[in-house]
Amino acid sequence: MKFLLFLGTVRESAPPRPARLGVRVAKACLECLGSRYSEHEVELVDSLDYPLEKVFKPHFAYAKGQAPVALEALAAKIASADGYIMVSPEYNHSMSPALANLLNHFGSSLFSYKPSVIVTYSAGQWGGMRAAVGMRTFLSELGCLPVSAMIHVPKAQEVFAEDGAPKAGEDKESWFDYFSRAFNQMVWWGQAARAHRAEVDPHEMVGDFRRDPSQRNAPG
């Protein structure tokens, strides 16, 4: 299967220090996935590679074939993936605005009927847990339902080095065991969803939300 790991940190300035702390967490996740789930393909999607435009215009608002090349390519990757890992810091008890902005460029039909994993971190003691609460609702609305296990990394700058390796005194295998609880759920649900999608097309069965908000209205 193929999974996309979205990294939701873009702030390169400090304080707080170190800047882009999430890079360390993402690299640790990628190493875990590479060593324990090598039969699957995992690709990093860095929000920093998709700078904010002056006027927000999502991928689905463009005429077919007219979207910017980067958005078109990412849309294809999202559609072909079997699941997603979402790595986010916490801003004002909420998920990364950069990550939310990037994901909001794409319709839920690209994400739907697949699992996701929530990974949060912080420089403090809570590990971004409050952001994770809101991410459950956000990702559910996109249709990539979060698995029950989540990953939280408090004081991430003390746990992982710049290359994502655990610092002295940290047990790599213990961290990877912790990560794997969520990743195992993602793989299980990803395999189940992929097999059933091959038998029943959910987009045809349920119908995608494609035209306007009235598609969601109750009969009136």
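Computed from a predicted structure; not experimentally measured.

*Asks:* Could you clarify how one ought to interpret the overall build of the protein in this entry?
*Replies:* When you go through the protein residue by residue, the secondary structure sums to 8 helices and 6 strands. Counting from the amino terminus, helix and strand elements in the protein follow one another as β-α-β-α-β-α-α-β-α-β-β-α-α-α. At 18 Å, the protein has a C-alpha radius of gyration in line with the 17 Å of a compact globule built from 220 residues. Based on the C-alpha atoms only, the size of the protein along its principal axes is roughly 60 × 40 × 35 Å. For the protein, buried positions account for 44% of its 220 residues. Relative to all contacts within the protein whose residues are 6 or more apart in sequence, the contacts with residues 24 or more apart total 78%. Looking at the protein as shown, the accessible area adds up to about 11700 Å², and 54% of this sits on carbon and sulfur atoms.

*Asks:* How should I be thinking about the pairing of strand E2 (residues 41-46) in this particular structure?
*Replies:* Every other side chain in a regular strand lies on the same face of the sheet, so the side chains alternate between the two faces. Inspection of the sheet shows strand E1 (residues 2-7) paired to E2 by 6 bridges, in the parallel sense. Opposite phenylalanine 3, over in E2, you have valine 42 as the bridge partner. With helix H1 (residues 22-36) bridging E1 and its parallel neighbour E2, the resulting β-α-β unit is right-handed.

*Asks:* How should the packing of H1 against helix H7 (residues 172-199) be read in this particular structure?
*Replies:* Each pair of packed helices gets described by two things: the angle between the helix axes and the distance between those axes. Two elements in contact, H1 and H7, have axes separated by 10 Å at closest approach and are oriented at 75 degrees. Between H1 and H7, the interaxial angle falls into the category roughly perpendicular. Residues Ala28, Cys29, Glu31, Cys32, Leu33, Ser35 and Arg36 of H1 touch H7, and the partners they reach there are Lys172, Glu173, Phe176, Asp177, Phe179, Ser180, Phe183 and Met186. Taken together, the residues of the contact of H1 with H7 break down into 8 nonpolar, 2 polar and 5 charged.

*Asks:* Could you clarify how one ought to interpret the environment of tryptophan 175 in this entry?
*Replies:* Within the secondary structure layout, tryptophan 175 lies in helix H7. Residues within four places of tryptophan 175 in sequence aside, it is in contact with His152, Val153, Val159, Phe160 and Glu170.

*Asks:* For this particular structure, what's the right way to read helix H2 (residues 69-80)?
*Replies:* Structural remark: α-helix, 3.6 residues per turn; residues separated by three or four positions point the same way. Spanning 12 residues, H2 covers 17 Å between terminal C-alpha atoms, matching the ideal 16 Å at 1.5 Å per step. Taken together, the buried positions of H2 are Leu71, Leu74, Ala75 and Ile78. Along the axis of H2, the buried positions cluster into a sector of 105 degrees, meaning they face one direction only. Contacts from the buried residues of H2 go to E1, E2, strand E3 (83-88), helix H3 (97-103), helix H4 (108-111) and strand E4 (114-121).

Cut-offs applied
Residues numbered from 1 in each chain as written. Predicted model: local features only at pLDDT ≥ 70, side-chain atom pairs only at ≥ 80, totals over all residues. Heavy atoms only, no water. Helix = DSSP H or I, 4+ residues; strand = E, 2+ residues; numbered from the N terminus. Rg over C-alpha atoms; globule rule 2.2 N^0.38 Å. Buried < 20%, exposed > 50% of the residue type's maximum accessible area, 1.4 Å probe, protein only. Contact = heavy atoms within 4.5 Å. Areas by Shrake-Rupley, 256 points an atom, 1.4 Å probe, with all protein chains shown as cover. Pairing = 2+ DSSP bridges. Right-handed = clockwise from strand over helix to strand, strands pointing away. Axes fitted to C-alpha atoms, helices over the stretch in contact; angles between N-to-C directions. Parallel < 35°, antiparallel > 145°, perpendicular 65-115°, else oblique. Nonpolar A, V, L, I, M, F, W, Y, C, P; charged D, E, K, R; others polar. Expected span 1.5 Å × (residues − 1). Arc of directions from axis to C-beta.

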